[in-house]
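Letter by letter, the chains look like this.
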Amino acid sequence: MAGFTYTVRDYAGKTTKGKIQGENKEAVSARLSQMGYVVLSVKPQSGFASLNNITIGSGIKSKDVTIFSRQFATMINAGLSLTKCLSILAAQTENAYLRQVIAQLGKDVEAGQSLSDALSRHPKVFPPIFVSMVKAGETGGVLDQVLARVADHFEQEASLKGKVKSAMTYPVAMGGLVLVVLALMMIFVVPTFQKMFEDMGGDLPFMTQVLVNISSFVVSWSGAIAAVVAIGLIFVIRWWCSGPGKFFWDQFCLNAPVFGSLVRKIAVARFTRTAGTLVSAGVPILTTLEIVADTSGNEVIARAVMRARSAIKEGETIAKPLSESKVFPSMVTQMIAVGEETGALDAMLEKIADFYDDEVGSAVDGLTSLIEPLMMATLGVIVGSMVVALYLPMFTVITLIN
């Protein structure tokens, strides 16, 4: 899925700009039109995409939206009107930006808009899954239950992200430590020893000479190296943000040794959790798949889901095109097929999500136990080799003196 910036006009004539993800410009325009907007322009987004449709600069986290949903559901269940609920929430919300958004929601609802329409005017705060579930809840008269499900969904998503972070924190920290140690030794330690070696005279051992040459190159060309690395990172990031680059990287991650299995399990857990939540709320299956593709976070998964959506429009079942994509494990597609046949697709999707959440936890524990000794051994080999290379000339001198 690619990112787009859009400019639309609402029913009151107010012009609004924002960001959205979609398969192409036509799909994005159609979606905005379905939301009741007059589309003025849709352009491919440049730069960095936002996370979970929440702009970093707004200061709103998923946790803030989760708390809002939970409190909103409790108030509605207690019999308070929508405007009263929003007024209370606006008064007690700590985040200043979210407080302004909630106050605007209250004004829009009081003016006669439905809650889902009011929410859709703030795509940077409320992602498509939130808006679609609220719309389904309004239609079915179960808004409090739907809001509680939304809160559960975001809490489970946060738990999944926490597991992923715990898996990545240690290798990233150790990798950074290795780079820092290497840089410090090359820039400060090795040149000091190099001066000692020059005063001693004689030929340096091969291992020491290689280390000295590398250090001299790094010190002499440090500015050029830094510039090349910075430019390289900029090009890599821009390529990664493009459609082909994102697809290539996501495909590589799904098939990568060691980490590939974890990435696939995370993608399946997110897909089934989001789809199950939407289906259980009564969101139509075509809308569900479109939202799932938007929020999957993986271009390979998104394209497979959109192909399945196209096949379903032509009369296919959900499971068949998903199994043909070769992206989802056979157990997942078979359980989805059973859910379709028994009419319990939402329950089956949630069971799959629970299973893969547990699988992600087990995979994280296994990777952590594997990576810790591997990283420590790598750090020991690198630093140890450098220390040996630095002290080899001294051993030679001592041998000659004796």
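Computed from a prediction, not measured in an experiment: that's the story for all the values here.

Draft legend 1. Inspection of a nonpolar patch on the surface at higher detail. On the surface, Val180, Leu184, Ile187, Phe188, Val189 and Val219 cluster together into a nonpolar patch covering about 500 Å² of accessible area. Of the residues forming the nonpolar patch, the biggest block, five residues, is contributed by helix 7 (residues 143-200).

Draft legend 2. Here's a closer look at the packing of aromatic side chains. Scanning all chains against the criterion turns up nine aromatic pairs. Residues Phe68 and Phe72 carry aromatic rings whose centres are separated by 5.5 Å and whose planes lie at 50 degrees to one another, so their mutual orientation is tilted. Highlighted residues: Phe68 and Phe72, both in helix 2 (residues 62-77), separated by four residues, approximately one helical turn. According to the relative accessible area criterion, Phe72 is buried, its value standing at 1%. Ring centres 6.3 Å apart and planes at 25 degrees place the aromatic pair Phe68 and Phe130 in the stacked group. You can see Phe68 sitting in helix 2 and its partner Phe130 sitting in helix 6 (residues 128-140), a full 62 residues away along the chain. Across this residue pair, the class does not change: Phe68 and Phe130 are buried. An aromatic cluster of at least three residues, connected via ring pairs, comprises Phe68, Phe72, Phe126, Phe130 and Phe154. The side chain of Arg303 reaches across the aromatic face of Phe247, ending 4.2 Å from its centre.

Draft legend 3. Region of interest: helix 4 (residues 96-110). For helix 4, built from 15 residues, the straight-helix expectation of 21 Å at 1.5 Å per residue is met to within 8% by its first-to-last C-alpha distance of 21 Å. Among the residues making up helix 4, those that are buried are Leu98, Val101, Ile102, Leu105, Gly106, Asp108 and Val109. Down the axis of helix 4, the buried set is contained in an arc of 165 degrees. They therefore lie on one face. Residues of helix 4 that are exposed and point over 90 degrees away from its buried face: Gln100, Lys107 and Glu110. Elements in contact with the buried residues of helix 4: helix 2, helix 3 (82-92) and helix 5 (115-120). The N-cap of helix 4, judged by a side-chain oxygen 3.0 Å from the amide nitrogen of Tyr97 a few residues on, is Asn95. At the exit of helix 4 stands Gly112, carrying a positive phi of roughly 115 degrees.

Conventions adopted
- Residues numbered from 1 in each chain as written.
- Predicted model: local features only at pLDDT ≥ 70, side-chain atom pairs only at ≥ 80, totals over all residues.
- Heavy atoms only, no water.
- Patch = residues over 30% accessible without salt bridge, like charges linked within 9 Å, V, L, I, M, F, W, Y side chains within 5 Å.
- Areas by Shrake-Rupley, 256 points an atom, 1.4 Å probe, with all protein chains shown as cover.
- Salt bridge = Lys/Arg side-chain N within 4 Å of Asp/Glu carboxyl O.
- Helix = DSSP H or I, 4+ residues; strand = E, 2+ residues; numbered from the N terminus.
- Phe/Tyr/Trp six-rings, centres within 6.5 Å; stacked < 30°, edge-to-face > 60°.
- Buried < 20%, exposed > 50% of the residue type's maximum accessible area, 1.4 Å probe, protein only.
- Lys NZ or Arg CZ within 6 Å of the ring centre and 35° of its normal.
- Expected span 1.5 Å × (residues − 1).
- Arc of directions from axis to C-beta.
- Contact = heavy atoms within 4.5 Å.
- Polar contact = N/O pair within 3.5 Å; in protein donor to acceptor, adjacent residues only side chain to side chain.

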